[in-house]
Amino acid sequence: MKKRVLVTGGAGFIGSHLCEYLLSKGHEVFCLDNFFTGSKENIIHLKSEKYFEIIRHDIINPFHIETDEIYNLACPASPQHYQYNPIKTMKTSVIGSINMLGLAKRVNAKILQASTSEVYGDPKMHPQSEEYWGNVNPIGKRSCYDVGKRASETLCMDYHRQNNVHIKIVRIFNTYEPRMMPNDGRVVSNFILQALQDKDITVFGDGKQTRSFQYVDDLIIGLYKMMNTSNSIIGPINIGNTEEFTILELAVKIIELTNSKSKIIHLPLPEDDPLRRKPNIDLAKETLNWKPITKLEEGLIKTINYFDKCIKNNRDYSTLNKFN
Ligand code: NAD
Ligand code: UDP
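Because the structure is predicted, anything quoted here is derived from the model rather than measured. (Residues numbered from 1 in each chain as written. Chains lettered and ligands numbered in written order. Predicted model: local features only at pLDDT ≥ 70, side-chain atom pairs only at ≥ 80, totals over all residues. Heavy atoms only, no water.)

Observations concerning the side chain of Glu-153
Here comes step 1: As for its position among the elements, Glu-153 is in helix α4 (residues 143–163).
Here comes step 2: At a separation of 2.7 Å, a polar atom in the side chain of Glu-153 contacts the side chain of Arg-171.
Here comes step 3: Those residues in contact with Glu-153, other than ones at most four positions away along the chain, are Ser-115, Val-119, Ile-169, Arg-171 and Pro-236. (Helix = DSSP H or I, 4+ residues; strand = E, 2+ residues; numbered from the N terminus. Polar contact = N/O pair within 3.5 Å; in protein donor to acceptor, adjacent residues only side chain to side chain. Contact = heavy atoms within 4.5 Å.)

Structure, rendered in structure tokens:
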């Protein structure tokens, strides 16, 4: 059945893939974005689709539309971007979520909230499963994002308990793919760009901290499956890859795959940088019959090829809209 689906943050890297996927499934898609970190380049190829609309809007302001489902993805995700204007980041998670949950309530839409592994903070439980409450600094530089996302989960649960809103909370673990903004400071894009240009690879700290990287295609299927579960399934649910790598291992792999002459250098570890991160995805396997299938090397090769073309074409990535 064709549904009307609102994707907030639809011009971001995950959002743009989700818009594509929803269109391919025959749905009508409203892509809402304030273009803070998102880019028209990510969605321009969809503009000619009959059932695709682009809406420039900031979710900290109320928004009205008749829709059946809402994927609430709007929020800067890279530490460099969410720390650029931390008060705005918190407003997006709190006021933005209230606006989207209020909309879901009014039009009786299902709403999926893009939460994050950051809600576990610097975890004391490894791997992280959904029942773990986390270890989060409420007053640090990352707090605008982690605490904001925790607040958005709380709001989802309260709208569900108080107003019977059909919610779905997904905790997304580190995701990468070609459409990331190369200048957004995240580790995969940083290392690939550095390696392709034979520049120093900037490993923060000793590089022994770990992350588990999932390719965007796997995530999109997980999000879609979660949205299409029965109303009794609300999450939170982890969606991520369970292959854990140290940041140093990632650097070495990217140097190998790009055949780069880059050297690894060490810079100070950012404040509150989590030391270990790996999801327990048993719940997603059982509930959604979902698991990631893309191996790190396979996804990295696709991403490397894309960035290589961007460098050769001199694509301009200075799109961060500083007025948001
Ligand atoms: P992104 O920065 O590429 O996309 C975020 C999008 O939201 C951008 O298009 C941006 O312009 C838009 N946006 C930001 N604030 C907005 C506002 N107030 N109103 C309207 N639009 C706004 O990041 P992404 O990696 O695609 O992340 C998408 C979502 O997934 C975010 O909610 C993020 O927290 C979550 N997430 C991502 C990851 C990851 O590894 N990429 C991990 C965990 C969670
Ligand atoms: N990192 C790094 N060099 C970089 C960028 C990031 O060593 O140039 C590290 C960062 O300190 C963190 C990990 O890579 O330990 C993942 O960082 P990212 O910003 O991609 O995501 P997050 O910290 O939100 O998981």
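A closer look at the packing of helix α1 (residues 13–24) against helix α6 (residues 216–227)
Here comes step 1: Where α1 contacts α6, the two axes come as close as 10 Å, and the packing angle between them is 60 degrees. Between α1 and α6, the angle falls in the class oblique. The handedness of the crossing between α1 and α6 comes out as right-handed. On α6, the residues that touch Phe-13, Ile-14, His-17, Leu-18, Tyr-21 and Leu-22 of α1 are Val-216, Leu-219, Ile-220, Ile-221, Leu-223 and Tyr-224.
Here comes step 2: Class assignment of the residues belonging to the contact of α1 with α6 gives a composition of 11 nonpolar, one polar and no charged. (Axes fitted to C-alpha atoms, helices over the stretch in contact; angles between N-to-C directions. Parallel < 35°, antiparallel > 145°, perpendicular 65-115°, else oblique. Left-handed = near helix turned anticlockwise from the far one by under 90°. Nonpolar A, V, L, I, M, F, W, Y, C, P; charged D, E, K, R; others polar.)

Overview of the side chain of Thr-89
Here comes step 1: For Thr-89, the position within the fold is in helix α3 (residues 86–107).
Here comes step 2: By relative accessible area, Thr-89 is classed as buried at 2%.
Here comes step 3: A polar contact is formed between the side chain of Thr-89 and the backbone oxygen of Tyr-82, at a distance of 2.8 Å.
Here comes step 4: For Thr-89, the contacting residues outside a window of four places in its chain are Cys-75, Pro-76, Tyr-82, Cys-144 and Tyr-145. (Buried < 20%, exposed > 50% of the residue type's maximum accessible area, 1.4 Å probe, protein only.)

Thoughts on the site of ligand 1
Here comes step 1: Near ligand 1 there are 29 residues, and of these Asp-33, Thr-37, Leu-73, Tyr-145 and Lys-149 occur at the shortest range.
Here comes step 2: Note that an oxygen atom of ligand 1 is positioned 2.6 Å from one of the side-chain N or O atoms of Thr-37.
Here comes step 3: A distance of 2.8 Å separates an oxygen atom of ligand 1 from a polar side-chain atom of Lys-149.
Here comes step 4: When ligand 1 is considered free in solution it has 820 Å² of accessible area, and contact with the protein chains removes 96% of it.
Here comes step 5: Looking at the shell around ligand 1, the elements with two or more residues in it are α1, β5 (110–116) and α4. (Near = heavy atom within 4 Å. Areas by Shrake-Rupley, 256 points an atom, 1.4 Å probe, with all protein chains shown as cover.)

From the geometry alone we can't say anything about function, so treat these as descriptive.
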